[in-house]
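Close look at the chain arrangement
Listed here are the chains, written in short residue letters.
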Amino acid sequence: MLYEKFIRVLYIDMTAQTSRVEEREDLMPYLGGVGVGAKLLEENMRPDLPPLAPEQPIVLAMGALSTIFPVITKTAAMFISPLTGELGESYAGGRLAFAMQQAGYDALVITGRADQPYYLSIDETGVKFRDARPLWNTNRDDAGRYIRDNEPGARGKRSIIRIGQAGENEVAYACVTVDRYRHFGRLGLGAVFGSKLLKAVHISGERSLPVHDFKQYFGVFRQLYAKADQPGGVMSKYHDQGTPINIEALNAIGGLPTRNLQTTRVDDAETISGEAFAENDLVRKQACVGCPVGCIHIAQYRRAFNPGFDYETHGVSYDYELLFALGTFVELKERQDILALIHEVEVCGHDAMSAGVALGWACEMLDRGLINVEEHTLIPVKFGDVDSLRQALRYIASAENDFYRALGKGVKHAAEVYGGEDFAMQLGGNEMPGYHTGYGSVVGVVVSARHSHLCNAGYSIDQALQPGEHIDPAAVAKKLMTEELERCMLNSLVICLFARKIYDRDTVRKCFAAVGREMTDDELDEAARRIYATKMRIKRALGYDNSQVKIPKRFFETPTSYGQLNENTAKEIIDEFNKLVNEVSPV
Amino acid sequence: MNITVTAGSWARAWLPGDKVQLTLPHPAVVQDVLAALNFPADEVGLFAINGIAVPQDTPLNDGDTVRLFPVAMGG
Amino acid sequence: MAKVLRTEGMGRCIGCFSCMLMCAGVNRKNHSTSRSAIAVQTRGGMSGKFVAVVCQACSEPKCAQACPTDALVLRKGGGVTVDESKCIACHTCVSACAAQAIGWDDDVNAPIICRHCGACTRFCPHNCLAMEDVED
């Protein structure tokens, strides 16, 4: 807790419907966020049981500096991933960190399994178990509204996180929606919620939090606010058209995954570019609490449901990753079609990226005749056909038949059953992100703790190279590890990684000092290594071995923007990275 | 040579308007537009001519349109 | 000329809560938005709109009329200032406020009422909030 020398953990048992609070001084060296979350996961997980066993924990942890400085907005979720069977780590903004701070909890640990659907109502006074049977089978909008109405008095002071049908049916990449427009997306936290019959968590509070040294705190706050809010400054690209600027940029270099990664460029990128969305469909922006940037871009999706000009309208938040996964990857070329598919993903409660990659594989499988409509897809699921793609998403959410149930376990599993492993675009069991830029992007996702491009920004390393430039595997591995360690520390504060240019070491130390906690660079390095080592122990305990990862062939067949990748070179980089892992976290 | 430079609104601190016309002496390469505009080089991730990325030492021709992109970033 | 806070630009609000964080910080040296005199809320959830619930600077404030100890004093331009030494924590002003804009500070046991200082206006990225000159 801010200004305290302990981490305040709320333990919740869904089976017994009890809760207790512990003040853990021993967790202080883990800072918060991913650090505290990883340690609590290690303490509470059961490596001997399957990922969705009732005993397994959901850990949510806010950060050491949450909310009080600009763009330090996120919460870390740690769990065992039903998708990969090993480390689950996911981040979300919205209002969750703010609400946890207001309620007075650094971390929540939820174990057990209820006998019927519940949602948790948490505040300073404790935990109430609310009957969620009326909410089971509702989408995130209806669930949100029901809970808002059911919890008066918490207006403007709360966060509501909830699952959709995908989570209820334990789709391995089901997400948890946070405050309507944000998500714990990757690796299937939604399924863990669903397996506990936990529909949602409503958390709110009004806890007083006196500032200790206002002069110092306010001075640092003002500086950072000015940097974050500066027109044309370092954050402006996230605010203006946002990450969708990547569509044009990646298309220009030939790194934009298209048509199940058959290619890396589209024709007419201008019609689905960030500028095109912003000029034609963008209607408003929103922010997470504590961030003046407002990077949440909300477009209007307008759907005609009857002839005679009958429209319904929905606000759909869009970001680069969605435009790739639910756009170029499945060859949708109309912006309203892409928004329609994003909206469907939101209604079902899937992770957008995994869902898009799953659809891409399914389309190609059907196209090649390796599966058929009657036994498998039920409808002709095709690249570029938004209606069939939307229906397929619904079939995955409802586990409509064996094929869709398998597809709901991830594209790696589905390919093991039905074939097409060479073009099931996953790395380490997690469906690929929207960058095919070189060894950095491919190997970076493989070796990173949570198989995400955001762990170590491999795609940034690629873009610093000229196409075909000589690769030094040890140098690439070193760059990946340096970034991965630094982000372990940043993700324990928990900054939004968009602000990583603002939160250099100088700034991080200033922020800690302003709240009475002097941290040296060495201490921050140590914390990063401690957190990373914890994650590695978790992965090993769950059976993960970096050297055993098989990279699907297409990653080496389709050229990246750097050039065609060589499997041996990729392996060399992985080996070099593993050497570094053993330095930080000896086996 | 007459060169046109474009970028998104992200660049508005350094680029006055959506499109800027430059006159550069021949020979010039793509990255020379930055010095001519006082545009910070570390803000630029890539250069594109006609929608295709080009290395920063690509020679310019009269009438080229150069588009600037920030370093691609995700989230 | 006196100044009062106006919230005409809420259609541009992004819900960042910077205004609340700064009000609580500057005025009550507190990190918690529960100590803010301005409350940003949704109407219709996050896909609805944002509204600012805050003192409307009434020229005949119902809160002051309701206060049994004259702890709420009319200020120039409208609204009131709070004399905490006179407050007996009866909470009558809270229910009397026509805009439901009075909060409560448990630490000092007194009402939280916007004093139209303008701190929030300096931390709104979209200029949704502004100070307006009014007759005394």
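All values reported here derive from a predicted model rather than from experimental measurement. (Residues numbered from 1 in each chain as written. Chains lettered and ligands numbered in written order. Predicted model: local features only at pLDDT ≥ 70, side-chain atom pairs only at ≥ 80, totals over all residues. Heavy atoms only, no water.)

What follows concerns the overall build of chain C. Within chain C, the secondary structure is distributed over three helices and eight strands. Along its sequence from the N terminus, chain C presents helices and strands in the succession β-α-β-β-α-β-β-α-β-β-β. Expected size for 136 residues packed as a compact globule is a radius of gyration near 14 Å; at 14 Å, chain C falls within 12% of this value. Referenced to the eigenvectors of the C-alpha coordinate spread, the extents of chain C come out at roughly 40 × 35 × 30 Å. Out of the 136 residues in chain C, the part that is buried amounts to 54%. Put simply, of all contacts in chain C between residues at least 6 apart along the chain, 55% involve residues at least 24 apart. Computing the positive centroid from 14 side-chain charges and the negative centroid from 12, chain C places the two 5 Å apart. (Helix = DSSP H or I, 4+ residues; strand = E, 2+ residues; numbered from the N terminus. Rg over C-alpha atoms; globule rule 2.2 N^0.38 Å. Buried < 20%, exposed > 50% of the residue type's maximum accessible area, 1.4 Å probe, protein only. Contact = heavy atoms within 4.5 Å. Lys, Arg positive; Asp, Glu negative; His and termini not counted. Charge placed at Lys NZ, Arg CZ, Asp CG, Glu CD.)

Accessible area lost upon the coming together of the parts serves often as the stated size of an interface. Counting residues at the interface gives 20 residues for chain B and 26 residues for chain A. Between chain B and chain A, the buried area comes to about 2100 Å², and carbon and sulfur atoms account for 57% of it. Along the contact surface separating chain B from chain A lie two salt bridges. Here Glu275 of chain A and Arg67 of chain B are joined by a salt bridge, their closest N and O atoms 3.3 Å apart. Where chain B meets chain A, there are three residue pairs in polar contact (both at pLDDT 80 or more). Taken together, the elements giving at least two residues each to the side of chain B that touches chain A come down to strand 3 (46-49), strand 4 (52-54) and strand 5 (65-69) of chain B. Here the residues of the side of chain B that touches chain A are counted per class, giving 12 nonpolar, five polar and three charged. (Buried area = accessible area lost by both parts, 1.4 Å probe. Salt bridge = Lys/Arg side-chain N within 4 Å of Asp/Glu carboxyl O. Polar contact = N/O pair within 3.5 Å; in protein donor to acceptor, adjacent residues only side chain to side chain. Nonpolar A, V, L, I, M, F, W, Y, C, P; charged D, E, K, R; others polar.)

Space inside the largest pocket adds up to approximately 700 Å³. Contributing elements (two or more residues each) for the lining of the largest pocket: strand 2 (39-43), strand 3 (49-53) and strand 6 (103-105) of chain C. Classifying every residue of the lining of the largest pocket by side-chain character gives 13 nonpolar, eight polar and seven charged. Roughly 510 Å³ of volume is contained in the second largest pocket. Forming the walls of the second largest pocket are 24 residues, and the residues nearest its centre are Gln463 and Gln466 of chain A together with Gly45, Leu46 and Val54 of chain B. Secondary-structure elements contributing two or more residues to the lining of the second largest pocket are helix 8 (245-253) and helix 19 (458-463) of chain A together with strand 3 and strand 4 of chain B. Of the residues in the lining of the second largest pocket, the class split is 15 nonpolar, seven polar and two charged. Counting only domains with at least three residues in the lining of the second largest pocket, you end up with domain 2 (241-427) and domain 3 (438-584) of chain A. (1 Å grid on protein atoms, 1.4 Å probe; cavity = no way out; pocket = protein on both sides within 12 Å on 5 of 7 lines; lining within 4 Å. Points joined across faces, edges and corners; volume = space filled by probe spheres on them. Domains from an automatic or database assignment.)

So, on to helix 12 (residues 352-367) of chain A. Residue and element names in this part refer to chain A. Under the 1.5 Å per step criterion, the end-to-end length of helix 12 is 22 Å for 16 residues, consistent within 8% with the ideal 22 Å. Where burial is concerned, most of helix 12 is hidden: 15 out of the 16 residues are buried. In the stretch just after helix 12, Gly369 is the one whose phi turns positive, near 75°. (Expected span 1.5 Å × (residues − 1).)

Residues and elements named next belong to chain B. Taken in spatial order, the five strands of this open sheet run 2-1-5-3-4, and their pairing is mixed. Strands at the two margins of the open sheet, each flanked by one partner only, are strand 2 (19-23) and strand 4. Averaged over all adjacent pairs, the angle separating strand axes in this sheet is 35°, with direction ignored. Judged from the three bridges that link them, strand 3 and strand 4 form a sheet pairing that is antiparallel. (Pairing = 2+ DSSP bridges. Axes fitted to C-alpha atoms, helices over the stretch in contact; angles between N-to-C directions.)

A few words on the domain arrangement of chain A. All names here are of chain A. Entries for chain A in the domain assignment read domain 1 (7-203), domain 2 (241-427) and domain 3 (438-584). Relative placement of domain 1 and domain 3: their C-alpha centres are 26 Å apart. Each partner contributes residues to the interface: domain 1 has 35 residues there, and domain 3 has 30 residues. Buried area between domain 1 and domain 3, both sides added, is near 2900 Å², and the carbon and sulfur share of it is 69%. It is Leu31, Glu86 and Leu87 in domain 1 that bury the most area against domain 3; as a group they hold 21% of the surface buried on that side. The interface formed by domain 1 and domain 3 includes three salt bridges. At the boundary of domain 1 with domain 3, the tally comes to 17 residue pairs in polar contact (both at pLDDT 80 or more).

The next thing to look at is the arrangement of the chains. The assembly contains two pairs of chains in contact; the pair sharing the most contacts is chains A and C. The least C-alpha distance between chain B and chain C, which are not in contact, is 16 Å.

Next up on the list: the interface of chain A and chain C. Taken residue by residue, the interface counts 38 residues in chain A and 33 residues in chain C. When chain A packs against chain C, close to 2800 Å² is buried across both sides, 59% of that on carbon and sulfur atoms. On the chain A side of the interface with chain C, the three residues burying the most area are Arg95, Arg155 and Tyr225 of chain A, jointly 19% of the side's total. Across the contact surface, chain A and chain C share 15 residue pairs in polar contact (both at pLDDT 80 or more). For the side of chain A that touches chain C, the elements supplying multiple residues, two or more each, are helix 2 (96-103), helix 6 (214-229) and strand 13 (282-286) of chain A. Considering every element that reaches the side of chain A that touches chain C, the biggest residue donor is helix 6 of chain A, with seven residues. The residue inventory of the side of chain A that touches chain C, partitioned by class, reads 19 nonpolar, eight polar and 11 charged.

Another aspect to go through is the nonpolar core. Membership of the largest hydrophobic core comes to 216 residues, with the highest contact counts inside it found for Phe69, Leu120, Ile122, Trp361, Leu407 and Tyr503 of chain A. A total of 10 residues in this core trace back to one element, the largest contributor, which is helix 12 of chain A. Apart from residues lying up to four places away in sequence, Trp361 of chain A is in contact with Asn260, Phe403, Leu407, Val411, Ala414, Ala415, Tyr418, Gly419, Gly420, Phe423 and Ala424 of chain A. Within the second largest apolar cluster, 40 residues are counted, among which are Met10, Met46, Val51 and Cys97 of chain C. (Core = buried A, V, L, I, M, F, W, Y, C linked by side-chain atoms within 4.5 Å.)

A few words on the pairing of strand 2 (residues 18-24) of chain A. Across a regular strand the side chains alternate sides, sitting on one face of the sheet and then on the other. Residue and element names in this part refer to chain A. Alignment of strand 1 (residues 7-13) against strand 2, held across seven bridges, turns out to be antiparallel. Bridge pairing in strand 2 links Ile12 to Ser19. Hairpin geometry of strand 1 and strand 2 is characterised by an intervening segment of four residues between the two adjacent antiparallel strands and by a positive phi of about 55° at Gln17.

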